[in-house]
Amino acid sequence: MSLTFILNAATIIAGIIGLVDILIWEPRRRVAILKLTKSGSHDEEKAREIAKEPAYVEIAKFSFPLLLIFVLFRSFSDSVDYGLVLIIATAVSGLIWLVDKILWERKRKQAVTNLKKEHEKLPQIAFDAVAREPVIVEYAKAFFPIILIIVILRSFLFEPFKIPSGSMKPTLEIGDFVLVNKFAYGVRLPVINTKILDTGSPKRGDVFVFRYPGNPYEELSDDEKVDYIKRVVGLPGDTILYRNRQLYIKPKCTKEMKICPKATKIDTKMIAKNGYFDRKDQMNLDILEEDLLGVKHKILHDNHVSEYNFELQFEYRCMQGEKEWVVPEKHYFAMGDNREHSADSRFWCFVPEENLVGKAVAIWMNWNSKNKYYIDFSRIGGIK
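Parameters and conventions
Residues numbered from 1 in each chain as written. Predicted model: local features only at pLDDT ≥ 70, side-chain atom pairs only at ≥ 80, totals over all residues. Heavy atoms only, no water. Pairing = 2+ DSSP bridges. Helix = DSSP H or I, 4+ residues; strand = E, 2+ residues; numbered from the N terminus. Axes fitted to C-alpha atoms, helices over the stretch in contact; angles between N-to-C directions. Buried < 20%, exposed > 50% of the residue type's maximum accessible area, 1.4 Å probe, protein only. Core = buried A, V, L, I, M, F, W, Y, C linked by side-chain atoms within 4.5 Å. Contact = heavy atoms within 4.5 Å. Disulfide = S-S within 2.5 Å.

Colleague: Before we go on, may I ask you to explain the sheet that holds strand 12 (residues 295–301) in this structure?
Modeller: The strands making up a sheet associate through hydrogen bonds between their backbones, and the pairing can be parallel or antiparallel. Strands sit in the order 10-11-12 across an open sheet of 3 strands; the sheet is antiparallel. If you trace the sheet from one side to the other, it starts and ends with strand 10 (268–278) and strand 12, each paired once. Strand-to-strand twist in this sheet, taken as the mean axis angle between neighbours without regard to direction, amounts to 25°. Inspection of the sheet shows strand 10 paired to strand 11 (residues 283–292) by 7 bridges, in the antiparallel sense. Of the residues in strand 11, the one forming a bridge with Lys269 is Glu289.

Colleague: What exactly am I supposed to notice about the sheet that holds strand 8 (residues 246–250) here?
Modeller: Across the sheet, 4 strands lie side by side as 9-8-7-13; this open sheet has antiparallel pairing. Edge positions in the sheet fall to strand 9 (264–265) and strand 13 (324–326), since each of these pairs with one other strand and no more.

Colleague: Help me understand unusual backbone geometry in this model?
Modeller: Where the residue is not glycine, phi is negative for most of them; where a peptide bond is considered, it is trans in most cases. Of note, the amide linkage connecting Lys169 to Pro170 takes the cis form, showing an omega dihedral of 0°. You can see Pro170 is positioned in the loop between strand 1 (158–162) and strand 2 (176–181). The backbone of Asn274 shows a phi angle near 55°, a positive value even though the residue is not glycine. Along the chain, Asn274 turns up in strand 10. When its relative accessible area of 40% is taken as the criterion, Asn274 is described as partly exposed. Despite not being glycine, Cys349 shows a phi value in the positive range, around 75°. As for its position among the elements, Cys349 is in the loop between helix 8 (345–348) and strand 15 (351–352).

Colleague: I would appreciate a short explanation of the nonpolar core in the present structure.
Modeller: For soluble globular proteins, nonpolar side chains are generally found buried alongside one another. Of all hydrophobic cores here, the largest spans 16 residues; its most connected members are Val233, Ile240, Leu247, Ile249, Trp325, Phe333 and Phe350. When residues of this core are traced back to their parent elements, those giving at least two are strand 7 (239–243), strand 8 and strand 14 (331–335). If we ignore the near neighbours within four places in the chain, the residues touching Leu247 are Val233, Ile240, Leu241, Tyr242, Thr264, Lys265, Ile266, Glu290, Leu292, Met335 and Arg339. Ranked by size, the runner-up nonpolar core spans 13 residues in total, among them Phe161, Val209, Ile229 and Val357.

Colleague: Just to check I follow, could you spell out the state of the cysteines for this structure?
Modeller: Counting across every chain of the model gives 2 disulfides. Disulfide partner of Cys253: Cys260, at an S-S distance of 1.7 Å. For the disulfide bridge between Cys253 and Cys260, the dihedral angle about the S-S bond is near -60°, and by the sign convention the bridge is left-handed. Exposure remark for Cys253: the relative accessible area of 34% places this residue in the partly exposed category. Judged by its relative accessible area of 41%, Cys260 falls in the partly exposed class. Note on cysteine connectivity: Cys318 is disulfide-linked to Cys349, with sulfurs 1.5 Å apart.

Set out below in structure tokens:
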């Protein structure tokens, strides 16, 4: 019996218990209290016993939302649009709270007022039973402000992002959780991603998150509508060349320039030959330091793969010359630091400005790839 099966079963059982209590058992408890008090009995102890929820109901109501969140996370962690989920959760909980404030709360107060007129000497517990909020309203009021704060922070300031692949090794490892600055490239509306305030644009060397633009020669499937993380190599108007594993950048020529810049060979320096062991592919890779026109960072080269075989595996596209790309306006050229193991702008072309999500600024947690229950604190820190 798997853990997933146990969690799913527990979630269903807790949900059924909570639903039955809301629809049947809780109304029965209220009726029983009213009958007891209207009969002339003032035994508050007995009334409290009737009003008290059974222990299994309390456990079910407490555990159900936690189990549901965990099950949904495990089930849809690779494909779910968390922004959309949070927006829906905020809207639903806010709507329940609003309807309760406008309609249901008034009805409860009116019911208490009517009961007091008819039975002035009833104990307070009888009035409390009538005035008590439904569980769904309690949940909505509890979660609405929390979810709203999360939506605001996630949409306009910072968003967590999990590294799903090794394309950005050694800068980012599988299992890293990075913090993405949503304010760096403009304030955007959640879900629709429309920019409402311009606060900046990507700089060369930035590690940035963006919505996968898709292969221009193929239709984007639902599974491909995900966020990617790469490094900004080319800015709008730049010419990018990648030949024999050597990167060249020719910056954009503007009207203000008397002489247009020439293509610059991007310098690399060997740090450790076969110095990086890739556990996934069980091979050693070279660690180099790349100077991306002033931005120094580490990259990996795989000498086990020839450039010819690399191109056969991933077909270069959108070239304007021999392994040469001219970056259109309002677009960016992205590459992974793990050069021979990264599907990037060399293969699916450019990143449109409207697809930008934010700038990755820090690693805030890492689940070690060897053991998912082990936190590697050495990974925590800023991103270069």
